[in-house]
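Tertiary structure, described
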Amino acid sequence: MNAISQIDHESELAVAFAAINWPEEARIHLPTLTATHFADPHAKNIVTAFEDLDAAGKTISTTTVCTWLRDANLIDAPGPFFADASEHRDRNMPHSVVEVYRRVEDHAHTRRVGALLKHADAELNAGRPCNEVLAALTSGIEATATKRHDAPAAIEFLRPSELRDFEPPSGWNLVGDFHLQRESVTVIGGAPGIGKSRALLSLAVAGANGPGAQWFGLGVHRRFRTMILQTENGRVRLQRDFAEQPVERLDEYLRVCPPPPFGIRFDRADFCAQLRASIREFRPDVIGIDPWNAVAAEDKQRDYLAAFEAIRSALPPGVERPAFVIVAHTRKPSANERHSGAGLLATLAGSYVLGSVPRAAFVVQRATNDTTDDRIVWTCCKNNDGEMGQRSAWVRSNGSFDRVDDFDWQAFDNPDAKAKREIDEDVMAEVFADGARTKAEAVRSLIEDHGFQKSAAYAALDESKGRFAGRISNVGGLISWT
């Protein structure tokens, strides 16, 4: 066995330790993990145990690994390395592990190439023809390179049986029915000022909360880190956005950039280099760009494809690649034009590429044309890998969104019919059926229970100038209907 330095010894043991204490994250962030990369005998044995237990579908923990090693007569006692690691189970794998494993893998690559060169030298000294030795050496080095973390396959063909038996890696599906998944693009579209940035931020907060949290009614399957590149909001607005958030809990899981001085410039080498360094340090599971037109200002297909390629080039390769969320504008609809369901995909502004590249897309619409109405309608209009799910209604509240359970879908789907409706005596009688109430309560009832706009509600409740001025009275702040 080749000599291994103390630094390499510690690095290999650190990776082995991470694999058995965070097995699910190891499958995602250490996709090429194999015992053949390790020179340290203890680390090699531990990772061999990991591979064997994983292949058998057994639980991976310090206990099961120790049992495997004892059964294989590789250890007599656990030793200090296998101290109880229960304190780690509620935390994520340290950010540094991926970088350490890359160094371990690179050193393994160097050892393999060294062994190939040594063998080639022996073959030449034994009189084997030079062209044969060179061909064997080239083939060996190419085979070695394909196993490295930075050499993903450019194209791959699979048999139907392999496709049938495919199971996404644990932790791959982050939210919903593959509405947000690693290596894929998800779009959040909507009109300006409707709350798209807030929706992206609420996604990051849900990811920090982990299983049990929801994002617009979709379940979060694991805790994940989010990095948001945005040009919309400066530090003052960001301060307000986070004033009502539990920032101490979010610090480990979220990074947001104030608007970069030169914008989001994937065409600049310095920007891409600094972005790559930030991604390596934070290791996000999700990267969001807000808004998309800060990246692709033109609407031409060529510009959109170039922008996507520039973004991908700045992201980690293979299964380490995070999920990608784009915040995009929707175009202003033409007269008498109204889209719903899958048809909302056509409302995304710009090239059709923006709707074709993502695996999933959401569009947010205003509940009414009333600018003071904070309710929105949330619709998944595309999900290539799962069910789209039902649309839902929400109201902006406390920096996030609260669900509206009694939303008037008939009025939303038929806005013209709603516009022709008037608040009549029967409606007013229903509003005050239980007696006097405050104006705020009456307004809320007319809006939420009967589907009228806020302006119409206030006009109807005007006791001095409204159409029902003779039938309503305001005494001590309570409005009565007679």
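Every value quoted in this text rests on a predicted model; they were computed, and no experiment measured them. (Residues numbered from 1 in each chain as written. Predicted model: local features only at pLDDT ≥ 70, side-chain atom pairs only at ≥ 80, totals over all residues. Heavy atoms only, no water.)

Along its length, the chain carries 18 helices and 16 strands. Taking all 482 residues of the chain together, the buried fraction comes to 43%. Within the chain, contacts between residues at least 6 apart in sequence are counted, and of these 65% link residues at least 24 apart. Carbon together with sulfur atoms contributes 50% to the accessible area of the chain, which is approximately 25,200 Å² in total. (Helix = DSSP H or I, 4+ residues; strand = E, 2+ residues; numbered from the N terminus. Buried < 20%, exposed > 50% of the residue type's maximum accessible area, 1.4 Å probe, protein only. Contact = heavy atoms within 4.5 Å. Areas by Shrake-Rupley, 256 points an atom, 1.4 Å probe, with all protein chains shown as cover.)

Here we take up the sheet that holds strand S16 (residues 478-481). The strand order S14-S16-S15 describes an open sheet built from three strands, whose pairing is antiparallel. This sheet does not close on itself; its edge strands, each paired only once, are strand S14 (437-438) and strand S15 (472-475). In terms of strand pairing, S15 meets S16 through four bridges, oriented antiparallel. Its bridge partner lying in S16, Asn474 is registered against Ile479. (Pairing = 2+ DSSP bridges.)

We now examine the confidence of the model for the chain. When the pLDDT values of the chain are averaged, the result is 82; 84% of them are 70 or greater. Averaged over each element, pLDDT in the chain is lowest for helix H15 (residues 415-420) (58) and highest for strand S5 (residues 218-219) (97). Segment residues 83-90 is flagged for pLDDT under 50; beyond a separation of four residues in sequence, or across chains, it makes seven contacts in the model. (pLDDT = per-residue confidence, 0-100.)

Further remarks concern the pairing of strand S6 (residues 226-230). A large share of S6 lies buried, amounting to five of its five residues. A two-sided burial pattern is seen for S6, the buried positions comprising Thr226, Ile228 and Gln230 on one face and Met227 and Leu229 on the other. Direction of pairing for S6 relative to strand S8 (residues 286-290): parallel, over a ladder of five bridges. Across the sheet, the residue bridging to Met227 is Ile287, located in S8. Of the pairings in the sheet, the one linking S6 to strand S7 (residues 254-257) comprises four bridges and is parallel in character. Bridge assignment links Thr226 to a residue of S7, and that residue is Leu254.

Bringing a negative patch on the surface into the picture now. Together, Asp405, Asp406, Glu448 and Asp449 line one region of the surface with negative charge. Summarising the element assignment, Asp406 is placed in the loop between strand S13 (400-403) and helix H14 (409-413). (Patch = residues over 30% accessible without salt bridge, like charges linked within 9 Å, V, L, I, M, F, W, Y side chains within 5 Å. Salt bridge = Lys/Arg side-chain N within 4 Å of Asp/Glu carboxyl O. Lys, Arg positive; Asp, Glu negative; His and termini not counted. Charge placed at Lys NZ, Arg CZ, Asp CG, Glu CD.)

As a further point, take unusual backbone geometry. With an omega of -5°, the peptide bond running from Asp290 to Pro291 counts as cis. Mapped onto the elements, Pro291 comes out in the loop between S8 and helix H12 (301-314). With a phi angle near 75°, Glu183 is a residue other than glycine that sits in the positive phi range. Position of Glu183 relative to the elements: it lies in the loop between strand S2 (180-181) and strand S3 (185-190). Taking relative accessible area as the criterion, Glu183 reaches 39% and is therefore assigned partly exposed.

The next point concerns the packing of aromatic side chains. Here the distance between the centres and the angle between the planes together describe a pair of aromatic rings. Tallied over the full model, the rule gives 12 aromatic pairs. Ring geometry for Phe216 and Phe401: centres 5.0 Å apart, planes at 50°, overall tilted. Here Phe216 is found in the loop between strand S4 (214-215) and S5, whereas its partner Phe401 is found in strand S13, with 185 residues between them in sequence. With centroids separated by 5.5 Å and ring planes inclined at 80°, the aromatic side chains of Phe468 and Trp481 adopt a geometry described as edge-to-face. In this pair, Phe468 is assigned in the loop between helix H18 (454-460) and S15 and Trp481 in strand S16, connecting sequence segments 13 residues apart. According to the relative accessible area criterion, Trp481 is buried, its value standing at 18%. Chaining the aromatic ring pairs together yields one cluster made of Trp215, Phe216, Phe362, Trp378, Trp394 and Phe401. (Phe/Tyr/Trp six-rings, centres within 6.5 Å; stacked < 30°, edge-to-face > 60°.)

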